[in-house]
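Results of the structural survey
Residue strings, one per chain:
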Amino acid sequence: MSARFTIRFPVRFRDIDALGHVNNAVYFTYMESARTEYWIKLFGVRELGELGFIVAHAECDYKVAARFGDELEVSIWTSSIGNSSFVWDYEIHNSVTRQLIAKGKTIQVTYDYGKEKAMPVPDDVRKKLLEN
């Protein structure tokens, strides 16, 4: 398992639903932003086409509601690596109270966009995912 990478997000008005809490779909956007920032940190990519993976599976377990004005910390880390895929786990906490808001997981498949097919996780990617 790798070390955690954490970023913060304020809960914006656009994130909430009619009931006053963060809409369930928005948590996937928080996770997407965290994984993109993490990949940029690891590999210094400048173009989104350089991401080199696709998301094959995403899940989220909601624990308590986040509300407008909260600041959230989203942590991501690599929990396992297979032949052509790797798993990232997430925890979303209220940055003030430290309360766990949600937990998630995504499975990424390394992908050759030119050939439109999965490919083995490159050795340099595997190494960075495990070290960071």
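Residues numbered from 1 in each chain as written. Predicted model: local features only at pLDDT ≥ 70, side-chain atom pairs only at ≥ 80, totals over all residues. Heavy atoms only, no water.

What follows deals with the packing of helix 1 (residues 26-43) against helix 2 (residues 123-131). As a packed pair, helix 1 and helix 2 sit with axes 11 Å apart at the nearest point and diverge in direction by 110°. Classified by the angle between their axes, helix 1 and helix 2 sit roughly perpendicular to one another. Two packed elements cross with a definite hand, and for helix 1 against helix 2 that hand is right-handed. For the pair helix 1 and helix 2, the contacting residues are Tyr 38, Trp 39, Leu 42 and Phe 43 in the first and Asp 124, Val 125, Lys 128 and Leu 129 in the second. When its residues are assigned to classes, the contact of helix 1 with helix 2 shows six nonpolar, no polar and two charged. (Axes fitted to C-alpha atoms, helices over the stretch in contact; angles between N-to-C directions. Helix = DSSP H or I, 4+ residues; strand = E, 2+ residues; numbered from the N terminus. Parallel < 35°, antiparallel > 145°, perpendicular 65-115°, else oblique. Left-handed = near helix turned anticlockwise from the far one by under 90°. Contact = heavy atoms within 4.5 Å. Nonpolar A, V, L, I, M, F, W, Y, C, P; charged D, E, K, R; others polar.)

What follows covers the pairing of strand 3 (residues 71-81). As paired strands, strand 1 (residues 5-10) and strand 3 are joined by six bridges and run antiparallel to one another. Paired with Phe 9 across the bridge in strand 3 is Leu 72. Strand direction decides the pairing type here: strand 3 and strand 4 (residues 85-94), joined by nine bridges, are antiparallel. The partner of Ser 80 across the bridge, within strand 4, is Val 87. In sequence, strand 3 turns back onto strand 4 through a hairpin of three residues. (Pairing = 2+ DSSP bridges.)

This part takes up the side chain of Asp 89. Mapped onto the secondary structure, Asp 89 falls in strand 4. Of the side chains with opposite charge, Lys 105 lies nearest to the buried Asp 89, which makes no salt bridge, at 5.9 Å. Among the polar contacts listed, one links the side chain of Asp 89 to the side chain of Ser 79, at a separation of 2.9 Å. With residues near it in sequence (within four places) discarded, Asp 89 still touches Ser 75, Ile 76, Trp 77, Ser 79, Gly 104 and Lys 105. (Buried < 20%, exposed > 50% of the residue type's maximum accessible area, 1.4 Å probe, protein only. Lys, Arg positive; Asp, Glu negative; His and termini not counted. Salt bridge = Lys/Arg side-chain N within 4 Å of Asp/Glu carboxyl O. Polar contact = N/O pair within 3.5 Å; in protein donor to acceptor, adjacent residues only side chain to side chain.)

One can find His 21 in the loop between strand 1 and helix 1. Its relative accessible area of 22% is what places His 21 among the partly exposed residues. Distance in space between the C-alpha atoms of His 21 and Arg 67 is 4.5 Å, their sequence separation being 46 residues. Those residues within four positions of His 21 in sequence are excluded, and the remaining contacts are Asp 15, Ile 16, Ala 65, Ala 66 and Arg 67.

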